[in-house]
Amino acid sequence: MIPKLFTCLRDYNKEQFLKDFAAGIIVAIIALPLSIALAIASGVSPEKGLITAIIGGFFVSLLGGSRVQIGGPTGAFVVIVYGIVQKYGLSGLTVATVIAGIFLILMGVLKLGSMIKFIPYPITTGFTSGIAIIIFSSQIKDFFGLSMDKVPADFIPKWTAYFGNFHTINGAALLVGALSILIIVLWPKVNKKIPSTLIAIIFVTFISILLKLDVATIGSQFGEISTSLSMPSLPQINLKMIQELIMPGITIALLGSIESLLSAVVADGMIGGNHRSNIELVGQGVANICSSLFGGIPVTGAIARTAANIKNGARTPISGIVHSITLLLMMLILMPYVKFIPMAALAAILMMVAYHMGEWHAFKELSKSPKSDAIILLTTFFLTVIVDLVVAIEVGMVLAAFLFMKRMADVTDFKYLLEDNQIKDDLPIYENVSKKIAFYEINGPFFFGAADKFIKVIKEVEHSPQVLILKMKNVPVIDATGYAALKQLYDMNQQSNTELILMEIQELPLRILGNYGFIETLGKDHVCECLDEAIEMANRFIDEESIEAVKTLPVMQ
């Protein structure tokens, strides 16, 4: 729970500072156009994206658990932020982001950082790709310069409106957008140090001014833009607002934790380090609270900017702090000129962001993946695009849980050993014994997904044996429903005067059954460590004519 910055400063030196300083400046240059574009796509004014990168990015580096994490606005939040702003306004967004920050801090304090890994890959792939489609769709109006008063929020009505207004395409805007994409794609082949997005913005803005192109700009759409940080403030809050925004806040917290920790894991792989997931969540929580109080939007770890930070030599959080300070200076100095940037250029940048954030390779591999994973991915993807991100995650998690339970239930099986051809060499069939003894084995976790199958197998026994031996050597865990199934089996045996013997049960299931009082009810002498002991116990219960046959049963190794 100690921020990485404090650890890194112990052996910090001038040489590393110079590398961090240079990396911080370069990442700030990359973050400038992205922060503005993501803010506009989220339905807020351009400076709010910069405030997010400045304030949020500063606290992510100051209090986070990664050496090289860069915090700021990201594409993952565009959809949910836009929805909150449209429904509740900026004050609602502030409240939701504060709620998200509080949840992130609680997740870190409760040490839930490692729990994020239990969110299945198909779900993260599905909603990430769905968000990419939504971001791409939201930029069509500005990219083509369509004359539309208001773009519908929902996916299908949005594209219906687009098709109804394609006759209003602005050729100049389309030229600016296409030229921007061309520069973003080709510039890295010329120079990888200078960000292609920055070159695209500068070039097309200069061309637009020089040729006096009739295109929408940030200035024409948003008017005068603030060039300073306002004092932190919190809007008026009431209980109803908190109740309505708690779910969007939790969604922001969940998305932020997933993206931040994923980014931290990617960074670890690039520098050979180990991030501290719990303090990273605490840092992200503080960053979100502070960002919202200063008028920003949700902040999280940005994978692309973090990777650029590493590639330019950064190895400590100092680079992230330099990145924030540099952005602050840029905001104070360059903001008056931002108003000349064409909206089509920002649309082009966001289209490229959408292209790179989508996990399109996963769709190519759907035919190779298990059907359950494909169903989860496609369900999450389509629900994200057509319905709602919150609904997509909820349905995806529930669906994944059910499919996982089914998969685990399929893994757990039950064998009637006296009739299993695979082991007849070790345990020959004795007709006179099989009428007196039933010998079953459980393989796999004995939980609620498998308990019903167990009861069905037991009920299929045509006659009631005098002794039922249950081998549980391969049962690693048992839950409440598994216990209930054993209790039901015990009650059935009591009615038919059958003695139940548990054999080779592992320590954890034995302890759980003991806690329920089942071992005491069954009798401790009915719990045997090996087959010899189980047979000896069975000899006490079967009639005299079968005793000799029972004694001839070989010991299973």
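Residues numbered from 1 in each chain as written. Predicted model: local features only at pLDDT ≥ 70, side-chain atom pairs only at ≥ 80, totals over all residues. Heavy atoms only, no water.

A separate point is the overall build of the chain. Counting secondary structure elements, the chain contains 25 helices and 7 strands. Here the C-alpha atoms of the chain give a radius of gyration of 31 Å, more than 25% beyond the 24 Å that 2.2 N^0.38 yields for 557 residues. Summarising its shape, the C-alpha atoms of the chain cover approximately 110 × 60 × 50 Å along the three principal directions. The 557 residues of the chain split such that 53% are buried. For the chain, the share of sequence-separated contacts (at least 6 apart) that also reach a separation of at least 24 residues comes to 81%. (Helix = DSSP H or I, 4+ residues; strand = E, 2+ residues; numbered from the N terminus. Rg over C-alpha atoms; globule rule 2.2 N^0.38 Å. Buried < 20%, exposed > 50% of the residue type's maximum accessible area, 1.4 Å probe, protein only. Contact = heavy atoms within 4.5 Å.)

This paragraph deals with unusual backbone geometry. For Lys111, which is not glycine, the phi torsion reads 60° and is therefore positive. Positionally, Lys111 belongs in the loop between helix H4 (78-109) and helix H5 (121-138). Positive phi, close to 60°, is recorded for Asn497, a residue that is not glycine. Mapped onto the elements, Asn497 comes out in the loop between helix H21 (480-495) and strand S6 (499-503). The exposure class of Asn497 is exposed, given its relative accessible area of 66%.

Before going further, it helps to spend a moment on the nonpolar core. Ranked by internal contacts, the top residues of the largest apolar core, which has 86 residues, are Ile36, Leu50, Ile80, Phe127, Ile218, Leu327 and Leu346. If we ignore the near neighbours within four places in the chain, the residues touching Leu50 are Leu32, Ser35, Ile36, Leu327, Met331 and Met335. Counting 32 residues, the second-largest nonpolar core is a separate cluster that includes Ala438, Tyr440, Ile442 and Phe446. (Core = buried A, V, L, I, M, F, W, Y, C linked by side-chain atoms within 4.5 Å.)

Moving on, we get to the environment of Leu229. Tracing the backbone shows Leu229 in the loop between helix H10 (218-222) and helix H11 (239-271). Not counting residues up to four positions away in its chain, the partners in contact with Leu229 are Ile51, Ile55 and Leu328.

Okay, the packing of helix H3 (residues 46-63) against helix H14 (residues 318-338) next. In a packed pair of helices, the relevant descriptors are the angle between the two axes and the axis-to-axis distance. At their nearest, the axes of H3 and H14 sit 8 Å apart, and the two run at 155° to each other. It follows that H3 is roughly antiparallel to H14 by the angle criterion. Both H3 and H14 take part in a crossing whose hand is left-handed. In contact with Pro46, Glu47, Leu50, Ile51, Ala53, Ile54, Gly57, Phe58 and Ser61 of H3, H14 contributes Gly320, Ile321, His323, Ser324, Leu327, Leu328, Met331 and Met335. (Axes fitted to C-alpha atoms, helices over the stretch in contact; angles between N-to-C directions. Parallel < 35°, antiparallel > 145°, perpendicular 65-115°, else oblique. Left-handed = near helix turned anticlockwise from the far one by under 90°.)

Here we come to the pairing of strand S4 (residues 437-443). With 7 of its 7 residues buried, S4 lies for the most part within the structure. Alternating positions in S4 separate into two faces, Ile437, Phe439, Glu441 and Asn443 on one and Ala438, Tyr440 and Ile442 on the other, with burial throughout.

Another point: the pairing of S6. Along a regular strand, successive side chains alternate from one face of the sheet to the other. Extensive coverage of S6 is indicated by the burial of 4 of its 5 residues. Regarding topology, H21 serves as the crossover connection from strand S5 (residues 467-474) to the parallel S6, and that connection is right-handed. The sheet contact formed by S6 and strand S7 (residues 527-528) spans 2 bridges and is parallel. Bridge assignment links Met503 to a residue of S7, and that residue is Cys528. (Right-handed = clockwise from strand over helix to strand, strands pointing away. Pairing = 2+ DSSP bridges.)

Per-residue confidence for the chain gives a mean pLDDT of 85, with 93% of residues at or over 70. Helix H12 (residues 277-293) holds the highest mean pLDDT among the elements of the chain, 95, whereas helix H19 (residues 431-434) holds the lowest, 46. (pLDDT = per-residue confidence, 0-100.)

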